[in-house]
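Reading the structure
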Amino acid sequence: MNQAIRTPLLPAEAVNLQEEAVSLKGAAKGFGGRTLFEGLDLTIRRGEFVALLGASGSGKTTLLRILLGLDTLDAGEGEVATPRAAVFQEPRLVPSQPVWRNVLMGVPRRARQRRQALDALAEVGLAGHADAWPVTLSGGEAQRVALARALVLEPTLLLLDEPFAALDALTRLKMQDLVRRLCARHHPGTLLVTHDVDEAVRLADRVLVLRDRRLTLDATVGEARDGTTPAGARLRARLYAELGVDPLGLEAAGASGRAP
Amino acid sequence: MTDTATASAFPAPGKIALKLTPRPRAGRLKLVGADAARLVLPLALLGIWQGACSFGFISPRTLESPVAVVGALVELTLSGVLWESLVASFKRASAGFLVGGGLGLVLGIVAGLWRTGERAYDALLQMLRMVPFLAVIPLFVIWFGVDEEPKILLIALACIFPVYLNTFSGVRNVDPKIIEAATVFGMSRAAIAAEIVAPLALPSIMVGVRYAMGVALLSLVAAEQVNATSGIGYLALNPRASLRTDIILGVVLLYSVLGLAVDFLIRTAQSRLLPWHRSVLEKAR
């Protein structure tokens, strides 16, 4: 995982960072008689890493599914750039295919070459696992294969649906660093759907909060990535407040602390 | 209540020795040992049977001894009847299996992939499945005569359902999340069906095939009642043989050997066709 990353395939100057990977205008979606969101505008540019936070049931996953083409918009209009790739919470590998064939899932059959898969696997630190069967991989390894499967397409838009949620704490941090480095190298427009504030701030250039049917917060991370700085602490406090969570459990602790 | 009585309700605090990894024996030897273990019980039963016959606990009229049964099989082999029967039965069973199993496979795949297919004929097949197929023998004779057709069709009928049911559930039970991922990655429905659904349904299809092969063998007994002059089903129930318990038991023995052969065939096919499957990978370890 920590091996040196080779020279970029796509130098930053070759990528048009003004290109819109996602553009949504007045998007609306309801589910079972309930409006999940309406009048939602969102632009994600190439090379931009955006995290979308929201409580369970806020509609953030539905929004991602719409961007994946797995669900439809009720109103409004939108456009996504292709190639489009995704990493889900589960690796979703095909167990009957060896790892390298899984990596090439999105490559048109005639263009599939083992070489491409090996390169992508080397990037995620799994060069030696090309011929392994998916059931023999650990959760973290399988998720890295899923990442390789997305990156092999050189996506303009990368959609991440809580891809770290099922990993153990240490694997999660390593995987986050890997995703961050690979996104910086391939410059896709990236949308990460998560409910983890720290993860969002750690990875994203911009964080959004979906609450009460709209995007209630759209903040640039910038200097605030470091949680030990005042700016970092402020951003996290704002995000937690927006999500209606008391991150340090101060209220609960205060309540019990006052007891005799 | 004394203290000891209270304490006895719970395990007393103490120490337990941890288990050591057993030293592995040579791999090859162990494998032979594991396979041989499967034969212990059948061989033991055979021994008890022979003993009971030899010491006169069982009269030959009720039950012939294993030696006599083997003798009957040798007799049938030498007269050429056994080989002739096996060939005739193999032809019928395999023809019936291919027709019925093939039909079950196609129907299962279609119903699994398209709801329309399921709606069109799943209910009908579920109804037909419950028809006792011995009851349709007379009908088959009326419809198809007394030659090979009714025999093969009877076996085919019996083979449709296990293959159909297992294929259908195999196709339906492919993880929808994997199919969703493949859709996102731009695979066409046809490519998903061929490259993902078919291989992932295969373990379940193999279960159906294994079951159908067994059913094909068993159906022979019924099918070969129809104007047959050869076949192992005919041998088993042939009136001339009915007083010969040694021949009947010989055929029973033959059946169990054929059952083992089917099992072996399927196991071998599984390790070839499903190298990715957890069960195969664990066995290879």
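Residues numbered from 1 in each chain as written. Chains lettered and ligands numbered in written order. Predicted model: local features only at pLDDT ≥ 70, side-chain atom pairs only at ≥ 80, totals over all residues.

**Here's the deal with the overall build of chain A**
Operational definition: Note on conventions: DSSP H or I runs of at least 4 residues are helices, E runs of at least 2 residues are strands, and numbering of each starts at the N terminus. To assign burial, the other C-beta atoms lying within 10 Å of each residue's own C-beta are counted, with C-beta atoms placed from the backbone; 20 or more indicates buried, 12 or fewer indicates exposed, and intermediate counts indicate partly exposed. In this description, a residue-residue contact is defined by the distance between C-beta atoms placed from the backbone, which must lie within 7 Å.
Secondary structure summary: chain A contains eight helices and nine strands in total. Along the first, second and third principal axes, the C-alpha set of chain A runs to 65 × 45 × 40 Å. Evaluated residue by residue, chain A yields a buried proportion of 40% over its 260 residues. In chain A, of all internal contacts separated by at least 6 residues, the share reaching a separation of at least 24 is 70%.

**Quick word on helix H11 (residues 245–273) of chain B**
Residues and elements named next belong to chain B. Rule in force here: Helices are assigned an expected span. That span is 1.5 Å times one less than the residue count.
Taking 1.5 Å as the rise per residue, H11 with 29 residues should run 42 Å; its terminal C-alpha atoms sit 41 Å apart, in good agreement. Within the span of H11, buried status applies to Asp246, Ile247, Leu249, Gly250, Val251 and Leu254. The inward-facing, buried residues of H11 contact helix H3 (66–78) and helix H10 (232–237).

**Description of the pairing of strand E1 (residues 20–31) of chain A**
Residues and elements named next belong to chain A. Selection rule: Being paired, for any two strands, means DSSP has found at least two bridges between them.
As defined by bridge partners, E1 adjoins strand E2 (residues 34–45) across eight bridges and the pair is classed as antiparallel. Residue pairing in the sheet places Ala27 in a bridge with Leu40 of E2. Two successive antiparallel strands, E1 and E2, enclose a turn made up of two residues, where Gly32 displays a positive phi of approximately 55°.

**Concerning the interface of chain B and chain A**
As a reminder, the rule being used: By the convention adopted, Pro, Cys, Tyr, Trp, Phe, Met, Ile, Leu, Val and Ala count as nonpolar, Lys, Arg, Asp and Glu as charged, and the other residues, Gly among them, as polar.
Opposite the 15 residues of chain B that make contact, chain A presents 16 residues. For the side of chain B that touches chain A, the elements supplying multiple residues, two or more each, are helix H8 (176–184), helix H9 (189–223) and helix H12 (278–284) of chain B. Here the side of chain B that touches chain A gets six residues from one element, more than from any other, and that element is H8(B). Class assignment for the residues of the side of chain B that touches chain A results in 11 nonpolar, one polar and three charged.

**Focus: the sheet that holds strand E4 (residues 75–80) of chain A**
Sheets are built from strands paired through backbone hydrogen bonds, the pairs being either parallel or antiparallel. All names here are of chain A. Filter applied, for reference: Note on definitions: angles span 0 to 180 degrees between N-to-C directions of axes, and those axes are lines fitted to C-alpha atoms, for helices only across the stretch in contact.
As summarised here, the arrangement of the three strands in space is E2-E1-E4, forming an open sheet in which the pairing is antiparallel. A single partner strand is all that each edge strand has here, and the edge strands are E2 and E4. Pairwise comparison of adjacent strand axes, ignoring direction, gives a mean angle of 15° for this sheet. Here E1 pairs with E4 via five bridges, running antiparallel. Considered in E4, the bridge of Lys25 is made with Glu77. Those strands touched by helix H1 (residues 60–67) are E1, E2 and E4, and its axis lies near 125° from that of E1.

**Details of the domain arrangement of chain A**
Residues and elements named next belong to chain A. What counts here: Residue ranges assigned to the domains are those given by an automatic or database domain assignment.
The assigned domain composition of chain A is domain 1 (1–58 + 66–83 + 154–244) and domain 2 (95–153). Taken over C-alpha atoms, the centre of domain 1 sits 24 Å from the centre of domain 2. On the side of domain 2, 10 residues touch domain 1, which itself brings 16 residues to the contact. Here the side of domain 1 that touches domain 2 gets six residues from one element, more than from any other, and that element is helix H5 (residues 169–186). Counted by class, the side of domain 1 that touches domain 2 contains 12 nonpolar, three polar and one charged residues.

**Concerning the environment of Ser89(B)**
Residues and elements named next belong to chain B. Mapping Ser89 onto the fold places it in helix H4 (residues 81–113). Sequence separation of Ser89 and Ile109 is 20 residues, and the distance between their C-alpha atoms is 29 Å. Leaving out residues up to four positions away in the same chain, Ser89 has contacts with Leu220, Gly231, Ile232 and Gly233.

**Describing the sheet that holds strand E7 (residues 189–194) of chain A**
Residues and elements named next belong to chain A. Taken in spatial order, the six strands of this open sheet run E5-E6-E7-E3-E8-E9, and their pairing is mixed. Edge positions in the open sheet fall to strand E5 (84–87) and strand E9 (214–220), since each of these has one partner strand only. Sheet twist, expressed as the mean angle between neighbouring strand axes with direction ignored, is 20°. Examined bridge by bridge, strand E8 (residues 206–211) and E9 share six bridges and lie antiparallel to one another. By the bridge assignment for E9, Val209 is matched with Leu217. Along the sheet, H1 makes contact with strand E3 (49–53), strand E6 (157–161), E7 and E8, crossing E7 at roughly 150°. Where helix H7 (residues 230–243) meets the sheet, it contacts E3, E8 and E9, and its direction lies at approximately 15° from that of E8.

**Regarding the nonpolar core**
We count it as follows: Note on terminology: a nonpolar core is a set of buried residues of type Ala, Val, Leu, Ile, Met, Phe, Trp, Tyr or Cys, with members joined through C-beta atoms within 7 Å.
Formed by 128 residues in total, the largest nonpolar core has its most connected members in Val103(A), Ala148(A), Leu191(A), Ala204(A), Ile155(B) and Cys159(B). By residue number, the principal contributor to this core is H9(B), which donates 15 residues. Aside from chain neighbours lying at most four places away, what touches Cys159(B) is Gly96(B), Phe97(B), Gly100(B), Gly101(B), Gly104(B), Ala212(B), Val215(B) and Ala216(B).

**Some remarks on the confidence of the model for chain A**
Do not read the fine detail of predicted coordinates wherever pLDDT is low. This is how it is decided: Within a predicted model, pLDDT stands for the predictor's per-residue confidence, ranging from 0 to 100.
On average, residues of chain A carry a pLDDT of 89, and 90% of them reach 70 or more. Contacts from residues 1–9 of chain A, a stretch scored under 50 in pLDDT, to residues over four places away or in other chains number nine contacts.

**Things to note about the packing of helix H7 (residues 148–172) of chain B against H9(B)**
Residues and elements named next belong to chain B. Operational definition: Any angle between 65 and 115 degrees counts as roughly perpendicular, while under 35 counts as roughly parallel, over 145 as roughly antiparallel, and the rest as oblique. Here a crossing is taken to be left-handed if its near helix is turned anticlockwise relative to the far helix by less than a right angle, and right-handed if that turn runs clockwise.
Contact geometry of H7 with H9 gives a least axis separation of 7 Å together with a crossing angle of 155°. The pairing of H7 with H9 is recorded here as roughly antiparallel in orientation. Every pair of crossing elements has a handedness; the one defined by H7 and H9 is right-handed. Looking at the contact of H7 with H9, its residues break down into 19 nonpolar, seven polar and one charged.

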